Amino acid sequence: MDFAGNFASILLGGISAGTVLFIVSVGLSVTMGLMGFVNLAHGAFAMFGGYVIVLAMNRAHVGFTAALALGFVATAALSVILERALYRRLYRAGELDQVLFTIGLIFIFMAAITIVVGPESQPIMLPPELRGQLNLGFTQYRTYSVFLIVVGFLIVAGVWLAFERTHIGAQIRATVDNRRMAESLGINIDRLFTITFAFGSGMAAIGGGLGAEFLGLDPQYALKYLVYFLIAVSVGGLGSVVGVYYASLLLGVLDFVLKLYLPKGGTIFIYALTILLLLWRPQGLFGRKAT
Amino acid sequence: MTEIRLETRALSRHFGALIAVNEIDFKLNAGARHALIGPNGAGKTTFINLLTGVLPPTHGRVLLADRDITDRAQAERVKLGIARTFQINRLFRGLSVLENVCISVAERLGAAPSMFYPAGRRTDVIEESMHLLETLKLVDDAGDRVSELPYGRQRLVEIAIAIGLKPEVLLLDEPAAGVPSAESHIILDAIERLPEHIAVLIIEHNMDVVFRFAKRVTVMVGGAVFAEGTPREIEANPQVRAVYLGQAGRG
Amino acid sequence: MTVAASPVEPAAVAKRIVHPAARVLIGRHRFQWWEVLPWLAAIGFYFAFPDYLGFGTELLIAILFALSLDLALGYAGIITLGHAAFFGGGAYTVGLLAFHGIWTEPITSLLLAAVAAAVVGFASGLVLLRTQGLTLLMLTLCTTALLGEGANMAHDYTGGFDGLPSLPIAPVFGVFEFNPLYANTQYLYSLAALLVCFLFVRTLVYSPFGQSLTGIRENLLRMHAVGSPVRRRLVICYTISAAIAGIAGGLWAQTNAYVNLSALDLDRAATVLIILILGGHGRLYGAFVGAVAYLALEHLLARIYPTAWQLGLGLLLVMIALFARNGILGLGEVLWRRYLAGRAAS
């Protein structure tokens, strides 16, 4: 393959990987920016949703789109229950308690899935339209990867528009900016948290399902990729949809490139870059500086 | 001639396009009892934050007894003799009242860095802290956890911590704010009993407190000094009445 | 209000202080009678369970490691997932020195491990402790992950996943040999190290320095406003904490005569955090209680029912975060206070 083709395929590979990371992490960025809550269990929601989607397709022979919708709804519903019952009690608690609580949730999810489904990795059967290669003119590339990239772009555009143009988006932005003032303006913070949390977890489910083909789906998922979700969110900047998009794509491309050329030491590079970036800009690339 | 303990020259702080503090020249003498009043959002707390080093100024200078402290960090300024209380209590909530004051006194006496003997052996710290509690009538609460005290007494602990630093300049940010009126007299008594040589600047909304306590008043509006004078002069000033006193009134 | 810090004998001053709250502060560092119990129990364990001394050694080392974390987390409020870096640093210092035959004397090796870990702690503390909260947590997480990867990459030196086996450790004082089958020397050696480190930490905690750390934990902004050089205190505390974690790591390498990557990984960092929280952080003996509870449960359950263990641990953590933030000791305090209140009422 010529250089351009090589370059394009690396770029596309990285971007599609980054897109999966984005779809899972966007919910985490918004809820952490909005609620200031360290939700390490976000990956567990992605895992749960992924399992719902994949099992619906494999065992119940539900269609692809229907399975995605089912995963979204089921995970959003579960997250609302957990938020109302448990998370709510810890909003005023310190980081330590939040970290412990969410680590505990991760263990519970992991064990529950092992008991109910089993420890094996779940295979995913892509619908026939999404298999195979697509001719993009300058190169051929996997149809599914292109599909992911397009979906990711639609999501970031859609969410960004929702933030900028809708009433609730404005409320979220105001609360992220200055919670006390938002409250005094009469915004119902509790309801906002619940809705955002549900949406974020539902998105994570979609990411878990869509990314299953690439990241795999087994009970270790929640822990395996936790550091990556956290890096995407902190580097992008809490509460910034655009930030986590860029950070995820950057991370995806870097990871892809490093796996090709530096298979042994790649991840060190990513960790080192993250550390340097957070030291230079603790609020991330697009985050709000703490006053 | 009374010496100037604290001075600012053209002190300003901008937040983007918003000018929170605008070219303020301010002097505070030894022994001063000076009140800073003004509508909400006038920049009073921002001004205090500039004085104490919590915020860096956009331009202008802060001088403490002729020494330029504009570039000094908050903790350094405290060591040079300026202390403050916060509008919302910042106390060591899980610790007892006595421990709260001991931490402050230990810092001042230079005991705090010591690692190899027990804090209990610094009886000078403990004795001085107990004396301070006696002057503020907090002795009965000495062993109680701060979080368990009524709000008025917590406010008093906030003042005790600041006094424990034996400052030359004391900045009180709405010391009676949030205190139920039944308890506010203890705050006012404490302020009245402050050592005479200390220069005290107090932000207040309650004009009764201002009249009882202040010898000079500065009115701040929109980040700038609007008027300055004795309490009587300020009260009689028609412009001040229009802008502020009409709202606050005599409580 | 002029109380001069006159050169009067502290004992004389202490005599004239009568207020109960002040007397509490004056006498707080004194040894309570029940503080000797854990040590008696440890010695009793030695005689009562000679076949379990390997487990006992593991327990003692876990206590020391959790104790080091308590200094940083429980007393200074530094929330970190990075302490495994110091444990691993100490372990590999001992391991590398022994493996290449450079130095095998155990006690001095431990001191070297402490110094190495302290250097890493000081350097990372200077850099990381500029941040707080979530950013700090992320940085400690990334640092641990990075060191783990780095150690894996440098497998020519570190032995990679298999580690450095069969470390030659010289006998303690030239007399007491480490027997891989019968862990009596290891146990007593670790117990002695734990005792020395514990006394050191205890002194630190009750000193004025320790009191200022508590101030930093309780209200960071207030500490700045009383003139405390906060960052300096945090870095010193972090460095000392790292040194002690390094000693724990060194002990681990010596008593197992083996070191591998598990000394540095996230699993170890998370486990020590869980142990400390379970026992109760900010309370000297939380490390003891937490380590005993956790390791006992783990040994009983994890091997037989690993998934049930994971589920149980998850539920335990959720319960602690919601209802028992101060761990077992915290619960004990609440119950004790209720008992006292009940007695006072009747």
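Not measured: the values here are computed from a predicted model.

Novice: Can you help me understand the overall build of chain B in this one?
Specialist: Secondary structure assignment for chain B yields nine helices and 10 strands. Here the C-alpha atoms of chain B give a radius of gyration of 18 Å, agreeing with the 18 Å that 2.2 N^0.38 yields for 251 residues. If one aligns the C-alpha atoms of chain B with their principal axes, the spans along those axes are about 60 × 40 × 40 Å. Taking all 251 residues of chain B together, 49% fall into the buried category. Put simply, 67% of the contacts in chain B that link residues at least 6 apart link residues at least 24 apart.

Novice: For this particular structure, what's the right way to read the nonpolar core?
Specialist: Burial of nonpolar side chains together is a common tendency in soluble globular proteins. Counting residues in each nonpolar core, the largest one holds 277 residues, and the members touching the most others are Ile 106 of chain A, Ala 160 of chain B together with Ile 63, Leu 64, Ala 66 and Ile 247 of chain C. At 16 residues, the largest contribution of residues to this core is made by helix H12 (residues 230-256) of chain C. For this core, the two domains that each supply at least three residues are domain 1 (1-81 + 167-251) and domain 2 (92-166) of chain B. When neighbours within four sequence positions are excluded, Leu 64 of chain C is seen to be in contact with Leu 194, Cys 197, Ile 244, Ile 247, Ala 248 and Leu 251 of chain C.

Novice: Looking at this structure, I do not really get the interface of chain C and chain B. What am I missing?
Specialist: In many analyses, interface size is given as the accessible surface area lost on bringing the parts together. Taken together, the contacts link 38 residues of chain C with 46 residues of chain B. Secondary structure elements with two or more residues in the side of chain C that touches chain B: helix H1 (10-16), helix H2 (20-27), helix H9 (184-206), helix H10 (208-218) and helix H11 (220-225) of chain C. Class assignment of the residues belonging to the side of chain C that touches chain B gives a composition of 22 nonpolar, 13 polar and three charged.

Novice: Would you explain the interface of chain A and chain C in this entry?
Specialist: Contacts between chain A and chain C engage 33 residues on the former and 31 residues on the latter. Residue composition of the side of chain A that touches chain C, by class: 23 nonpolar, six polar and four charged.

Novice: Help me out: how do you make sense of the confidence of the model for chain C in this one?
Specialist: For residues with low pLDDT, the predicted coordinates do not support detailed interpretation. Residues and elements named next belong to chain C. Averaged over every residue, the pLDDT of chain C is 88; residues scoring 70 or more account for 95%. Across chain C, element-level confidence peaks in H12 with a mean pLDDT of 95 and bottoms out in H1 with 66. Confidence drops under a pLDDT of 50 for residues 1-7, and excluding neighbours within four residues, the segment shows eight contacts in the predicted structure. For this predicted complex, the interface score ipTM comes out at 0.89, while the overall pTM is 0.89.

Novice: Sorry if this is basic, but what is going on with the domain arrangement of chain B here?
Specialist: Residue and element names in this part refer to chain B. Per the domain assignment, the segments of chain B are domain 1 (1-81 + 167-251) and domain 2 (92-166). Each of domain 1 and domain 2 was reduced to a C-alpha centroid, and the two centroids are 26 Å apart. Top contributing element to the side of domain 1 that touches domain 2 by residue count: helix H6 (residues 184-192), with four residues. Split into classes, the residues belonging to the side of domain 1 that touches domain 2 amount to nine nonpolar, two polar and two charged.

Conventions adopted
- Residues numbered from 1 in each chain as written.
- Chains lettered and ligands numbered in written order.
- Predicted model: local features only at pLDDT ≥ 70, side-chain atom pairs only at ≥ 80, totals over all residues.
- Helix = DSSP H or I, 4+ residues; strand = E, 2+ residues; numbered from the N terminus.
- Rg over C-alpha atoms; globule rule 2.2 N^0.38 Å.
- Buried ≥ 20, exposed ≤ 12 C-beta atoms within 10 Å, placed from the backbone.
- Contact = placed C-beta atoms within 7 Å.
- Core = buried A, V, L, I, M, F, W, Y, C linked by C-beta atoms within 7 Å.
- Domains from an automatic or database assignment.
- Nonpolar A, V, L, I, M, F, W, Y, C, P; charged D, E, K, R; others polar.
- pLDDT = per-residue confidence, 0-100.

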